[in-house]
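Architecture at a glance
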Amino acid sequence: MVAVDLTEFAVARQIALGAKPAAITANNARGTLYVLLPEAGVVQEIDGRSFTLRRRARLPAPGAYSMRLSADGETLWILARDVPALLRLPTGSFQPSMHVRLPKQTEDFDISADGQRAAVSLSGGGVAICTLGSGRIARTIHVPSARIVRFRFDGRQIIAGGASDRALSILDPEKGRIVVRLPLPIDPQHFCFNADGGQLFVTGRGMDAVVVVHPYQTEVSATVLAGGGPAAMAASRSPEYLFVANPESGDVTVLDLLSRRVIAVVAVGAEPRHLSLTPDQQYCLVLNERSGNLAVIYLGSVSARRHKSAPLFTMIPVGSKPVGAAILSA
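Now for a look at the structure at hand.

Moving on: the overall build of the protein chain. Looking only at helices and strands, the protein chain features 1 helix and 30 strands. Rg of the C-alpha trace for the protein chain: 19 Å, near the compact-globule value of 20 Å for 330 residues, within the 12% margin. In terms of its C-alpha atoms, the protein chain occupies a principal-axis envelope of roughly 55 × 50 × 30 Å. The 330 residues of the protein chain split such that 52% are buried. Pairs at least 24 residues apart make up 38% of the contacts formed inside the protein chain by residues separated by at least 6 positions. Counting only carbon and sulfur atoms, one obtains 47% of the accessible surface of the protein chain, whose full area is about 14,500 Å².

Dropping the structure here:
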């Protein structure tokens with residue numbers, strides 16, 4: 001793992017993990033980083049100041065492949081694949097437990113903002129609604145090809161989509177039913193919300209475009225062309241831009257969310273796969289999987305551009321095939 005100093009835009013430390021990481025997340029309340037190592041079956045807690053190993057938690061089920069931190073920073077939720085289960089790892093005690101056993105292999109999951117529910121997509125179709133207080137499945141909603149699930153920001157609905165189903169399903173977790181299905185021109189593979197959750201952006205195979213959805217009105221608002229093979233996205237709050245990774249062409253397309261037009265294209269490196277915004281909304285960080293570097297886009301250069309081709313702020317080598325990034329505030 002590599003720690004990058006974002007005040008100097010340089011590698012500050014290299015950290016040996018002992019196994020291949022699959023995910024990383026930051027807990028700014030505790031000043032720590034959590035790294036998921038599925039092959040070793042552990043989660044490591046890294047001190048955010050010294051970048052040394054603080055604690056290690058061995059997971060009670062193999063095949064953990066994704067994790068989410070609760071909004072209050074008190075719990076890591078980890079989805080186990082080989083033994084289908086949702087694991088609970090309190091960040092205080094750092095002692096994991098099997099919290100919810102699931103009936104099928106799993107694809108993806110999300111935790112509601114209030115920390116009361118989890119939505120888990122199940123292989124073969126279906127979304128399990130879990131009550132986290134009791135550790136039980138409250139209900140399962142049949143959804144064709146549900147591979148991606150996200151709660152709407154208010155937690156009252158769940159949005160589900162699958163790579164082989166050109167539609168979004170809007171679910172009511174209380175009543176356990178599909179509210180509406182929204183046809184799309186693409187197979188939904190990547191989701192990204194804007195800052196207030198009023199817009200959901202979707203990319204996937206089928207069209208070189210971003211589909212704009214209004215989740216509170218449950219309607220598709222627009223389809224906007226966005227480079228070749230658009231994939232991962234990140235939305236800035238001010239200015240309101242959407243950054244779209246184009247792995248096939250090695251660039252990032254920038255959309256102005258007010259005009260819904262492409263305003264810039266930035267060459268970033270080979271196979272950009274992961275995007276994130278710095279907390280001050282000044283930079284977009286782009287991890288390039290094949291070229292093994294971190295490209296930095298300065299939002300000011302996008303705003304001040306005279307041509308659609310915008311310059312790259314800097315490029316930082318981070319090592320082979322980076323899997324994710326987490327930003328820890330100073």
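Counting through the fold element by element, Thr203 comes out in strand β20 (residues 200-203). Judged by its relative accessible area of 0%, Thr203 falls in the buried class. At a separation of 2.7 Å, a polar atom in the side chain of Thr203 contacts the main-chain carbonyl oxygen of Ala231. Not counting the four nearest positions on each side in its chain, Thr203 is found in contact with Ile186, Asp187, Pro188, Gln189, His190, Ala209, Val210, Pro230, Ala231 and Met233.

This part takes up the nonpolar core. Among the nonpolar cores identified, the biggest contains 20 residues, and Phe243, Leu275, Cys284, Val286 and Ile297 are the most heavily contacted of them. If you look at the next biggest cluster of nonpolar residues, it comprises 16 residues, including Ala64, Ala85, Leu87 and Leu89.

On to the sheet that holds strand β15 (residues 148-151), then. Across the sheet, which stays open at both edges, the 4 strands sit in the order β15-β16-β17-β18 with antiparallel pairing between neighbours. The sheet terminates laterally at β15 and β18 (177-183), the two strands that pair on one side only. Within this sheet the neighbouring strands show an average axis-to-axis angle of 20 degrees, counted without direction. In terms of strand pairing, strand β16 (residues 158-162) meets strand β17 (residues 165-172) through 5 bridges, oriented antiparallel.

With that settled, consider the packing of aromatic side chains. Scanning the model with the defined rule gives 8 aromatic pairs in all. Each ring, one from Tyr283 and one from Phe313, has its centre 5.2 Å from the other, and the planes form 55 degrees; the classification is tilted. Here Phe313 lies in the loop between α1 (299-303) and β30 (314-317) and Tyr283 lies in strand β28 (residues 283-288), a separation of 30 residues in the sequence. Note on Phe313: relative accessible area 40%, which makes it partly exposed. Stacked on the ring of Phe109, the Lys or Arg Arg68 has its end atom at 5.8 Å from the ring centre. Cation over ring: Arg81 sits above Tyr65, and NZ or CZ is 4.9 Å from the ring centre.

A separate point is the sheet that holds strand β19 (residues 190-193). The 4 strands lie next to each other as β19-β20-β21-β22, forming an open sheet whose pairing is antiparallel. Taken across any chain shown, the strands that pair with only one partner, and hence form the sheet edges, are β19 and β22 (219-225). Pairs of neighbouring strands in the sheet enclose a mean axial angle of 25 degrees, with direction left out of account. Relative to β22, strand β21 (residues 209-214) runs antiparallel, the two being bridged by 6 bridges. What sits directly across from Val212, in β22, is Ala222.

The subject of this paragraph is the side chain of Ser236. Secondary-structure assignment places Ser236 in the loop between β23 (233-235) and β24 (241-246). Owing to a relative accessible area of 3%, Ser236 belongs among the buried residues under this scheme. Side-chain polar atoms of Ser236 contact the backbone oxygen of Pro239, separated by 2.5 Å. In this structure Ser236 touches Tyr241, Phe243, Leu277, Gln281 and Leu299, once residues within four positions along its chain are discounted.

A word on unusual backbone geometry. Look at the link from Ser238 to Pro239: it is a cis peptide, with omega at 0 degrees. Here Pro239 shows up in the loop between β23 and β24. A positive phi angle, close to 50 degrees, is found at Phe9, a residue other than glycine. Structurally, Phe9 is set in the loop between β1 (2-5) and β2 (10-14). The phi dihedral of Gln281 is positive, around 60 degrees, even though this residue is not glycine. Looking at the element boundaries, Gln281 is found in the loop between β27 (272-277) and β28. The buried category is assigned to Gln281, whose relative accessible area is 10%.

Reading the values: the criteria
- Per chain, residues are indexed from 1 in the order of the written sequence.
- Owing to the predicted nature of the model, reporting of local features is limited to residues with pLDDT of at least 70; listing and counting of side-chain atom pairs is limited to 80 or more, with chain, interface and lining totals taken over all residues.
- Calculated side-chain values reflect all of the structure's heavy atoms, with hydrogen atoms and water omitted.
- To qualify as a helix, a DSSP run of H or I must reach at least 4 residues; to qualify as a strand, a run of E must reach at least 2; elements of each kind are numbered from the N terminus.
- Note that the radius of gyration is over C-alpha atoms, with the globule rule given as 2.2 Å times the number of residues to the power 0.38.
- Only protein chains enter the accessibility calculation, which uses a 1.4 Å probe; a residue is then buried when its area is under 20% of its type maximum, exposed when over 50%, and partly exposed in between.
- The criterion used for residue contact is that any of the two residues' heavy atoms lie within 4.5 Å.
- Each accessible area is a Shrake-Rupley result for a 1.4 Å probe, and residues are judged covered by the shown protein chains and nothing else.
- What qualifies as a polar contact is a pair of N or O atoms within 3.5 Å, subject to a donor-acceptor requirement within protein and to the restriction that residues adjacent in sequence count only when both atoms come from side chains.
- In plain words, nonpolar cores are sets of buried Ala, Val, Leu, Ile, Met, Phe, Trp, Tyr and Cys residues tied together by side-chain atoms within 4.5 Å.
- In this analysis, strands are considered paired if DSSP registers two or more bridges between them.
- Every angle, taken between N-to-C directions, lies between 0 and 180 degrees, and every axis is a line fitted to C-alpha atoms, over only the stretch in contact when it is a helix.
- Any pair of Phe, Tyr and Trp rings, taking the six-membered ring for Trp, is counted once the centres come within 6.5 Å. Such a pair is stacked with planes under 30 degrees apart, edge-to-face with planes over 60 apart, and tilted for the rest.
- For a Lys NZ or an Arg CZ to count as sitting over a ring, it must be within 6 Å of the ring centre and within 35 degrees of the ring normal.

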